[in-house]
Amino acid sequence: MLLETIHHRPESPYAYPLELDQLRVRIRTKKGEVSGCRVFHGDRYRSEEEEEEVLLTQTASDLWFDWFEGVIPAPTRRVQYVFRLDTEENTWWYGEKGISQERGAAGVFHYAYIHEEAVLRVPEWARDAAVYQIFPERFANGDAGLDPEGVLPWKSNTPPKSDSFYGGDLKGIIDRIPWLAELGVNTLYLTPIFRSPSNHKYNIDDYEQIDPGFGDWKTCKAMVETAHHYGIRVLFDGVFNHSGSGFFAFRDVQEKGAASPYKNWFRIRDFPVVMSPQPHYETFADHIPDMPKLMTHLPEVREYFLNVAEYWTREMGIDGWRLDVANEVDAAFWRAFRERIRSVNPDALIVGEIWHDPGPWLRGDQWDSVMNYRFREAVISFFATCEWTAEEFEARLTSARMGVPEQAASAMWNLLGSHDTERFLTRCNHDRKRFQLAVLFQMTYPGIPMIYYGDEVGMEGGPDPDCRRPMVWEEEKQDRELFDFHRKLLDLRHRLAPLRRGDYRTWKVDGKKGIYAFLRRYQEESVGVVINNGDRRRSIRLEGTAWGEGAVLLDPLSGGRFTVEEKHVFCTLDAGQGALLVPER
Ligand code: ARE
């Protein structure tokens, strides 16, 4: 056995509490080597005689590893544990001191005490959420009276420039809420709406005001209330990494220089504080003068922005925040942010924007989940460009899923595109079939599907700013088939609890044929998803043990009917076709 491949740490994502008295443990072993895995556990202060044993289940595999998982009951919250791994030839013990055939020599792992702050409490509603992202300047123009000067005609077929304005606003969103409800989404994420001179509003000049081009306090309130009336939750975008250059504190520093009481709110390199030719201060990314970086680790800066976030959460009754450039803001700020926001709305969802490994931020004390750009990368490489085999695809998704606690994995915002990326249909080289297969996957994989406005009606667009064209509203220009496809899948997702709340098991992966299948199980109910991403029609034989012999499975997408016979299901799919297997009731 390759002992050096065995891995566990007594911390998230390998050990994390589900509750104050339940510790979930995860161990990674070399693929195919371990036939059985148990954990022996007890209170840290009790003797070995009082310990108990939990059988771990193999829950995932990638190209190299297997993962085993189980839950240790921890009534005293103080846990020590040691793993026992069985292979064909031997039994190994694994603890803090290492791996050994002698139990004593392996030592034990300690999870010293389960604290409340380590329990990742994702709001219950998030498990049932389907998010729709709106870029307000481009979604709908509901009040022409607010249009800025030089507004362009609402044309969806011409690429916008980075400084174009089209006149989208909050009233426009209000008007379209029934349409969003018809589509079947139940959560809106709006990119920033506070006062800012740009069309994207990520350079905020006044955090206490709605941008006048978008509306005012009252319109905003009406928008949130209308959404709530339709059962739709609303999340705002929190930009606390940097402000705009017109932000009062930054203006003060520009005016008063070193005498400004706000000079420490920014990292000023030189006075006077000029913006060009080179900004004399740290900014977001490299040299973006209108985005001065904020020193959120300072108590007064932290307090100011926590008050801002609290104010909007309370006054508007919003349901959470998406956090901009969240991995570049200090962790102490996010801890305080979570506490403050949750004290106003205990059900608020907190989602960071991070394109990479989000592990450290998802340990209970900062955010609930992230915009899942790693999901997007995998989906592009498998469905859009077909660079990855089914095995690679599944491996990448698995290691991402195993890198975070289960609560976070089931609340990830699984996106195909956003206001920062090329649109997915464009990425698929306009191949609608590929796009639909990816949507089927997005709607059935663990996590929250996030639709970027317009994708559901077939909008195209290259990278920023082209991905921000005005929404297509003329029905004859919308791809209605694509809209119906989204609506159907969202509806199935809402009706089938396993797709929202179920666990995930790989069912079949065949890279040569492009076949990928998985099962989602919730309580006693299992739903299967089978995808033919290859270039040929295939008959696929799948083990049917999730259901009883003779069970009839229906595919609501094609109307197909399958029967479990001799513990197997046969399913024939065209190239680029996917099926959902739902037991007949
Ligand atoms: C503008 C122009 C762009 C131009 C850019 C640079 O529109 O065409 O390329 O300037 O000069 C906002 C606006 C953007 C604007 C930007 C700067 O929406 O239109 O771009 O401000 O003025 C990284 C960060 C991530 C960030 C992305 C953009 O980690 O946080 O870059 N995303 C957020 C928002 C953006 C917003 C900002 C941050 C700033 O979602 O909309 O931009 O508030 C890799 C890296 C990632 C990187 C990613 C994208 O994968 O690993 O870390 O994300 O690429 O670049």
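Residues numbered from 1 in each chain as written. Predicted model: local features only at pLDDT ≥ 70, side-chain atom pairs only at ≥ 80, totals over all residues. Heavy atoms only, no water.

**Q** Go over the overall build of the protein with me, naming the residues and quoting the values.
**A** Across its full length, the protein carries 14 helices and 28 strands. By the compact-globule yardstick of 25 Å for 585 residues, the protein fits well, its C-alpha radius of gyration being 26 Å. Projected onto its principal axes, the C-alpha positions of the protein cover 75 × 60 × 40 Å. Sorting the 585 residues of the protein into buried and exposed places 58% on the buried side. (Helix = DSSP H or I, 4+ residues; strand = E, 2+ residues; numbered from the N terminus. Rg over C-alpha atoms; globule rule 2.2 N^0.38 Å. Buried < 20%, exposed > 50% of the residue type's maximum accessible area, 1.4 Å probe, protein only.)

**Q** Break down the sheet that holds strand β1 (residues 15-19) for me, with residues and values.
**A** Spatially, 4 strands are ordered β1-β2-β6-β5 in an open sheet, and the strand pairing comes out antiparallel. Single-partner strands in this sheet number two, and they are β1 and β5 (57-61). The average angle at which neighbouring strand axes cross in this sheet is 30 degrees, direction not considered. Relative to strand β2 (residues 22-30), β1 runs antiparallel, the two sharing 4 bridges. When the bridges of β2 are listed, Tyr-16 appears paired with Arg-24. Its contacts with the sheet place helix α9 (residues 390-402) against β2, β5 and β6 (65-73), and it is angled at close to 125 degrees to β5. (Pairing = 2+ DSSP bridges. Axes fitted to C-alpha atoms, helices over the stretch in contact; angles between N-to-C directions. Contact = heavy atoms within 4.5 Å.)

**Q** Tell me what's going on with the pairing of strand β11 (residues 131-134), and back it up with residues and numbers.
**A** Of the two faces of β11, the one lined by Val-131 and Gln-133 and the one lined by Tyr-132 and Ile-134 are each fully buried. When β11 meets strand β12 (residues 187-190), the two strands line up parallel, connected through 4 bridges. Paired with Tyr-132 across the strands is Leu-188, a residue of β12. Bridge analysis of β11 against strand β20 (residues 448-452) gives 3 bridges, and the strand direction is parallel. In the strand pairing of β20, Val-131 is matched with Met-450.

**Q** How would you summarise the packing of helix α3 (residues 170-183) against helix α13 (residues 480-495) if you had to cite specific residues and measurements?
**A** Taken N-terminus to C-terminus, the directions of α3 and α13 make an angle of 65 degrees; their axes are 8 Å apart at the nearest point. One finds that α3 runs roughly perpendicular with respect to α13. Taking contact as the criterion, the partners of Trp-179, Glu-182 and Leu-183 in α3 are, on α13, Arg-480, Phe-483, His-486, Arg-487 and Leu-490. Looking at side-chain class alone, the contact of α3 with α13 contains 4 nonpolar, 1 polar and 3 charged residues. (Parallel < 35°, antiparallel > 145°, perpendicular 65-115°, else oblique. Nonpolar A, V, L, I, M, F, W, Y, C, P; charged D, E, K, R; others polar.)

**Q** Please give an account of the nonpolar core that cites residues and values.
**A** Membership of the largest hydrophobic core comes to 136 residues, with the highest contact counts inside it found for Tyr-132, Phe-236, Phe-240, Trp-321, Phe-337 and Phe-441. With 23 residues, the next largest nonpolar core counts Ile-6, Ala-15, Leu-56 and Tyr-111 among its residues. (Core = buried A, V, L, I, M, F, W, Y, C linked by side-chain atoms within 4.5 Å.)

**Q** For the pairing of strand β28 (residues 578-583), give the residues involved together with the corresponding values.
**A** When you tally the buried positions in β28, you get 5 out of 6 residues, the bulk of the element. Across 4 bridges, the pairing between strand β23 (residues 525-532) and β28 is antiparallel. In the sheet register, Ile-531 faces β28, and the bridge partner there is Gly-578. Note: strand β25 (residues 552-554) against β28, 2 bridges, orientation antiparallel. Opposite Leu-553, over in β28, you have Pro-583 as the bridge partner.

**Q** Which residues make up the site of the ligand, and what values go with them?
**A** Around the ligand sit 16 residues in total, of which Asp-324, Glu-353, His-356, Asp-420 and Asp-464 are the nearest. Within the contact set of the ligand, an oxygen atom lies 2.7 Å away from a side-chain nitrogen or oxygen of Asp-324. Taking Arg-468, its side chain carries an N or O atom lying 2.9 Å from an oxygen atom of the ligand. Notes on the ligand: free accessible area 940 Å², of which the protein chains cover 63%. Per-class residue counts for the shell around the ligand are 6 nonpolar, 4 polar and 6 charged. (Near = heavy atom within 4 Å. Polar contact = N/O pair within 3.5 Å; in protein donor to acceptor, adjacent residues only side chain to side chain. Areas by Shrake-Rupley, 256 points an atom, 1.4 Å probe, with all protein chains shown as cover.)

**Q** Describe the sheet that holds β12, listing the residues and the values that go with them.
**A** Reading around the circumference, β11-β12-β15-β16-β17-β18-β19-β20 is the order of the 8 strands in this closed barrel, with parallel pairing throughout. Adjacent strand axes in the sheet meet at a mean angle of 25 degrees, parallel and antiparallel pairs treated alike. Its contacts with the sheet place helix α7 (residues 331-344) against β16 (320-323) and β17 (349-352), and it is angled at close to 160 degrees to β16.

**Q** Lay out α7 in plain terms, naming residues and giving numbers.
**A** Between its first and last C-alpha atoms α7 spans 20 Å; for 14 residues at 1.5 Å apiece the expected length is 20 Å, and the two agree. Among the residues of α7, those classed as buried are Phe-333, Trp-334, Phe-337, Arg-338, Arg-340, Ile-341 and Arg-342. Summarising the contacts, the buried residues of α7 are in contact with α6 (299-316), β16 and β17. (Expected span 1.5 Å × (residues − 1).)

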